[in-house]
Amino acid sequence: MAKEELDEKDLNKEAETAEDIKDEQNSEEETQDDRSEEEIAAEAEAQAQDEELSDFEKLEIELAESKDKFLRLYSEFENFRRRNAKERLELVKNASEELISDLLPIMDDFERAEKSFEDQSDNEALKEGFTLIKNKFEKTLINKGLKAMDSDAGIEFDPEIHEAITKIPAPDKKLKGKVVDVVEKGYLLNDKVIRFAKVVIGE
């Protein structure tokens, strides 16, 4: 009888111990579940922050690219505007270039005729009238921006403004490679060459 009671007590103890172990296991599992949920929440939050940071960085990059594109476009537009304004100004300044170029042979004729008058002592009134017309014509062209080049004999040959039509033996050693004679005057219109001076070079 006593043995049966002992066995029953032992069984009860074992049952209690098993229940305690089970409770502990359940508690540990719950703790693990709780930790796991907390860790998952923390990881999710960290990931969300990383995504937000990544999105912010993307926006910063996009903003920087947009600024760069804007600055480039603005710079190109400014360059275009300045270039266009300069071209328009030059076009207005040199609008009469073709007309003045066509009038230059008349100027040449005036100068040749004026030289021919120098050899004549008579017809002074005619010479004076002719000189007045020539001067008036020349002044009108000068007012439009025309300027005769400096192409006198003895100056250095400059291919930028001179056109060498021939070479002759230099009458003086100092005239080697220099302008010996000017066959036809050169002209500038608003500092732009519209006719090269035709010159003879000494060699």
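Throughout this description, residue numbers start from 1 for each chain and increase along the sequence as written. Per-residue local features of the predicted model are confined to residues with pLDDT of at least 70, and side-chain atom pairs are confined, for both listing and counting, to 80 or more; whole-chain, interface and lining totals are unaffected and use all residues. Only hydrogens and water are set aside when side-chain values are computed; all heavy atoms of the structure are taken into account.

A. Summary view of the sheet that holds strand β6 (residues 197–202). Here we have three strands laid out as an open sheet, ordered β2-β6-β3, and mixed in their pairing. Each edge of the sheet is formed by a strand with only one pairing partner; in this case those strands are β2 (162–168) and β3 (179–184). Here the average twist between neighbouring strands, direction ignored, is 30°. For two strands to be treated as a pair, DSSP must find no fewer than two bridges joining them. Counting from the N terminus, the helices are DSSP H or I runs at least four residues long and the strands are E runs at least two residues long. Judged from the six bridges that link them, β2 and β6 form a sheet pairing that is parallel. By the bridge assignment, threonine 166 is partnered in β6 with valine 200. With axes taken as lines fitted to C-alpha atoms, and helix axes fitted only over the stretch in contact, angles between N-to-C directions fall between 0 and 180 degrees.

B. How the structure looks around helix α2 (residues 97–118). With 22 residues, α2 extends 31 Å between its outermost C-alpha atoms, agreeing within 8% with the 32 Å of an ideal straight helix rising 1.5 Å per residue. At leucine 104, α2 is bent by approximately 30°, the largest bend along its length, and proline proline 105 sits one to four residues beyond. Partly exposed residues are those whose accessible area sits between 20% and 50% of the maximum for their type, while under 20% is buried and over 50% is exposed, using a 1.4 Å probe and protein chains only. Listed in full, the buried residues belonging to α2 are Ile100, Leu104, Met107, Asp108, Phe110, Glu111, Glu114 and Phe117. Residue contacts are counted whenever heavy atoms from the two residues lie within 4.5 Å of one another. Looking at the buried residues of α2, the elements they touch are α3 (124–143), β1 (146–148), β3, β4 (187–189) and β5 (192–195). Working rule for helices: expected span equals 1.5 Å times residues minus one. What we call the bend at a residue is the angle made by axes fitted to the seven residues finishing there and the seven residues starting there.

C. Spotlight on the confidence of the model for the chain. A score between 0 and 100, pLDDT records how confident the predictor is in each residue. With 75% of its residues at a pLDDT of 70 or more, the chain has an overall mean of 78. In this model residues 1–6 is a low-confidence stretch, pLDDT under 50, and it forms zero contacts with partners more than four residues away in sequence or in other chains.

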